[in-house]
Amino acid sequence: MAALPQIPIEQCQLKILCGSNTISTPQVPNYSQRGLTGSNSLKFSPFKVNHGKKLWCRSFRCKVLGETDDVSFEVSSAVKDDLFVGFFREAWPYFLAHRGSTFVVLISAEIVDSPHLDHLLMDISLLHGLGIKFVLVPGTHVQIDRLLAERGSEAKYVGRYRITDTDSLEAAMDTSGRIRLLIEAKLSPGPSLTGIRRHGENSRWHDSVGVAGGNFLSAKKRGVVEGIDYASTGEVKKIDVSRIRERLDQDSIVLLSNLGYSSSGEVLNCNTYEVATACALALGAEKLICIIDGPILDESSRLIRFLTLQDADMLVRKRAEQSETAANYVKAVSQEDFNRLGYNGYNGSLPSQNGNGYSRRYNPTFQNGIGFDNGNGLWSSEQGFAIGGQEKLSRSNGYLSELAAAAFVCRGGVQRVHLLDGTIGGVLLKELFQRDGVGTMVASDLYEGARMARVSDIPGIKQLLQPLEESGTLIRRTEEELAKALHSFIIVEREGHIIACAALFPYFEEKCGEVAAIAVSPDCRGQGQGDKILDYIEKKASSLGLQMLFLLTTRTADWFVRRGFSECSIDHIPEQRRKTINLARRSKYYMKKLLPDKSGIRIDCTFA
């Protein structure tokens, strides 16, 4: 192979892969070599990585423009050990957050039919071992259509639904059985035992993951609609919550087929998205996760990382002309009803009417034992919600079925919906155990009721601050001082009452900001409102281009330390602020460096 053109060493950057992370070298020191070719070897002096350790790299070939064979390197085991410990500790909060939670996972038929299923199920087994409860709903339409074609029959669809004739029902039953056996088989092996025998023999090593199935889904016939007989196509009527919960509590993963059973003993073929949506709502799951075969992109082909419920609704409406799925969502949730919900204008959160951040009066939802209603309390065979449709068109119509499912489920009370590209290796781990994730999250309550303060909020803010001022936790502010600083205050409002507040005072020249006056109503403490408003402030500070937050405290240091702040000297405080500090209070100083925010969550960054 021809030698590669020489490249100045100072222009080369070595990227070292360690686990799922990439470490890039800093400025490479000058060496006697003026360039690299594909066959050259180079010994590096040690350089530092984040943990302050030294990393040695030797005998590697630099890959330039894809013209070399490979890159080989050796990384000291000490550094790899430190990285492993660091990654594990970073995941600690997520272990606590997710343990005991119930996740309904819809696995699209495209992923079920792909080699990506193996690693996905391996990760589900891993997470199950960490205490997460899973209900899996596998898609089947790809396999049903292929089986029909092999048998010389044609798949028939009308709009969102398959016409399940005798041949289609037989294919659906065969497909369901095959997929169940496939998933059970892939979950059975458990983890590799090669690395853990040094810790002693344990009978639990040989236990496979329990997979439970059954007649958990009750359905009713779709019947004849506008002169079309849908035969054995069903609509979801009831999810057997108590028996699913029983299996989950017995440490089993529940496998929920899209085949339901009627009260007359018939097998009915239901839509995968309807089944997953109904299950998430009936169980009150913490998350609905849709594993699809591609990313959710915006008009510029960039990943959409975060959508509020309002954003998701608007996106589906915007694409309503592209598919019947989106059109049915618009029909189910009229713009008038949507406007009645009274969305906050700048962050998409819903004002709370019942403590859950949305009003159920105009919400289309699922009533277990009856089915889906159309949002006005009337039950109809047409159902009128946007879930389902021809899943086979998901990629071409921008995954509108999944977006509509996400919006519908958030309306019904599931707080988080994740739309993940299942072709990405380890996508579940990367989404659930990293701050920004790798997929698209739709949330109904992320910053529920949070907004910038107004003049009319002064009495409510004063009422929150007064007890803390009297105890000496906060400095006293007169109403005049509060009014002067009002443009820096953020409040959280619920049912017309201010339940939390905080202030962010930016120092743009020093690229930092002061966090002050965090207060939560006594009736709402222990509900995460303090964390919510602090997280909001951090997002807001990042959006303003600030790189660090600092604060002064006398009584609440422990709370802030647990949230990533560390004690610092007064020298880290901007000089302008140092001049106004009351040294007699003997406050402690704390600071926190802000990481680049890639979450996609938009925060109003306007200061009056």
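Residues numbered from 1 in each chain as written. Predicted model: local features only at pLDDT ≥ 70, side-chain atom pairs only at ≥ 80, totals over all residues. Heavy atoms only, no water.

Draft legend 1. Local environment of the confidence of the model for the protein chain. In the predicted model, the protein chain carries a mean pLDDT of 77, and 69% of its residues have values of at least 70. Mean pLDDT values for the elements of the protein chain range from 41 in strand β3 (residues 47-48) up to 97 in strand β6 (residues 133-138). Per-residue pLDDT stays below 50 along residues 4-73; that stretch engages in 114 contacts with residues further than four places along the chain or on separate chains. Every residue in residues 374-391 scores below 50 in pLDDT, and together they form 60 contacts with partners more than four places removed in sequence or on other chains. (pLDDT = per-residue confidence, 0-100. Helix = DSSP H or I, 4+ residues; strand = E, 2+ residues; numbered from the N terminus. Contact = heavy atoms within 4.5 Å.)

Draft legend 2. Examining the packing of helix α4 (residues 141-150) against helix α5 (residues 166-187) more closely. Relative orientation of the contacting elements α4 and α5 amounts to 125 degrees, with a least axis distance of 9 Å. If you check the angle between α4 and α5, you find them oblique. Note that α4 runs across α5; the crossing there is right-handed. Contacts from Gln143, Ile144, Leu147 and Leu148 of α4 reach α5 at Asp167, Ser168, Ala171, Ala172, Asp174, Thr175, Arg178 and Ile179. (Axes fitted to C-alpha atoms, helices over the stretch in contact; angles between N-to-C directions. Parallel < 35°, antiparallel > 145°, perpendicular 65-115°, else oblique. Left-handed = near helix turned anticlockwise from the far one by under 90°.)

Draft legend 3. Examining the packing of aromatic side chains more closely. As enumerated under the stated definition, the model contains eight aromatic pairs in all. Ring geometry for Phe88 against Phe95: centres 5.6 Å apart, planes inclined by 65 degrees, an arrangement best described as edge-to-face. Judged by its relative accessible area of 24%, Phe95 falls in the partly exposed class. Measuring from ring centre to ring centre gives 5.5 Å for Phe560 and Phe565, while their planes differ by 80 degrees; the resulting arrangement is edge-to-face. Taken together, Phe84, Phe88, Tyr94, Phe95 and Phe433 form an aromatic cluster joined through their ring pairs. The aromatic ring of Tyr230 is capped on one face by Arg222, whose charged end is 4.6 Å from the ring centroid. (Phe/Tyr/Trp six-rings, centres within 6.5 Å; stacked < 30°, edge-to-face > 60°. Buried < 20%, exposed > 50% of the residue type's maximum accessible area, 1.4 Å probe, protein only. Lys NZ or Arg CZ within 6 Å of the ring centre and 35° of its normal.)

Draft legend 4. Spotlight on the pattern of salt bridges. For the structure on display, the rule yields 19 salt bridges. In this structure, Glu538 engages Lys592 in a salt bridge whose closest nitrogen and oxygen atoms are separated by 2.8 Å. Separated by 54 residues along the polypeptide, Glu538 in helix α15 (residues 529-543) and Lys592 in strand β29 (residues 588-593) bring together distant segments of the chain. One exposure class covers both Glu538 and Lys592, and it is buried. Salt bridges sharing common partners tie together Arg151, Glu170 and Asp174. (Salt bridge = Lys/Arg side-chain N within 4 Å of Asp/Glu carboxyl O.)

Draft legend 5. Examining a nonpolar patch on the surface more closely. Taken together, the side chains of Phe84, Val85 and Phe88 make up a nonpolar region of the molecular surface, amounting to roughly 300 Å² of accessible area. With respect to the secondary-structure elements, Phe88 resides in helix α1 (residues 77-98). (Patch = residues over 30% accessible without salt bridge, like charges linked within 9 Å, V, L, I, M, F, W, Y side chains within 5 Å. Areas by Shrake-Rupley, 256 points an atom, 1.4 Å probe, with all protein chains shown as cover.)

Draft legend 6. Highlighting the sheet that holds strand β5 (residues 102-107). As summarised here, the arrangement of the eight strands in space is β9-β14-β6-β5-β17-β21-β22-β18, forming an open sheet in which the pairing is mixed. Unpaired on one side and paired on the other, β9 (210-212) and β18 (306-308) mark the two borders of the sheet. The sheet shows a mean angle of 20 degrees between the axes of neighbouring strands, direction not considered. Bridging between β5 and strand β17 (residues 287-292) involves five bridges; their strand directions are parallel. (Pairing = 2+ DSSP bridges.)

Draft legend 7. Quick look at helix α6 (residues 241-249). If you check which residues of α6 are buried, you get Ile244, Arg247 and Leu248. The buried residues of α6 occupy one face: seen down the axis, they fall within an arc of 100 degrees. Every exposed residue of α6 that faces more than 90 degrees away from the buried side is listed here: Ser242 and Asp249. Looking at the buried residues of α6, the elements they touch are β5, β6, β9, β13 (234-239), β14 (252-255) and α7 (272-283). Phi for Asp251, located one or two positions after α6, is positive at around 70 degrees. (Arc of directions from axis to C-beta.)

Draft legend 8. View of the pairing of β14. Burial of β14 is two-sided: the residues Ser252 and Val254 facing one way and the residues Ile253 and Leu255 facing the other way are all buried. When β6 meets β14, the two strands line up parallel, connected through two bridges. Of the residues in β14, the one forming a bridge with Leu136 is Leu255. As paired strands, β9 and β14 are joined by three bridges and run parallel to one another. By the bridge assignment for β14, Val211 is matched with Ile253.

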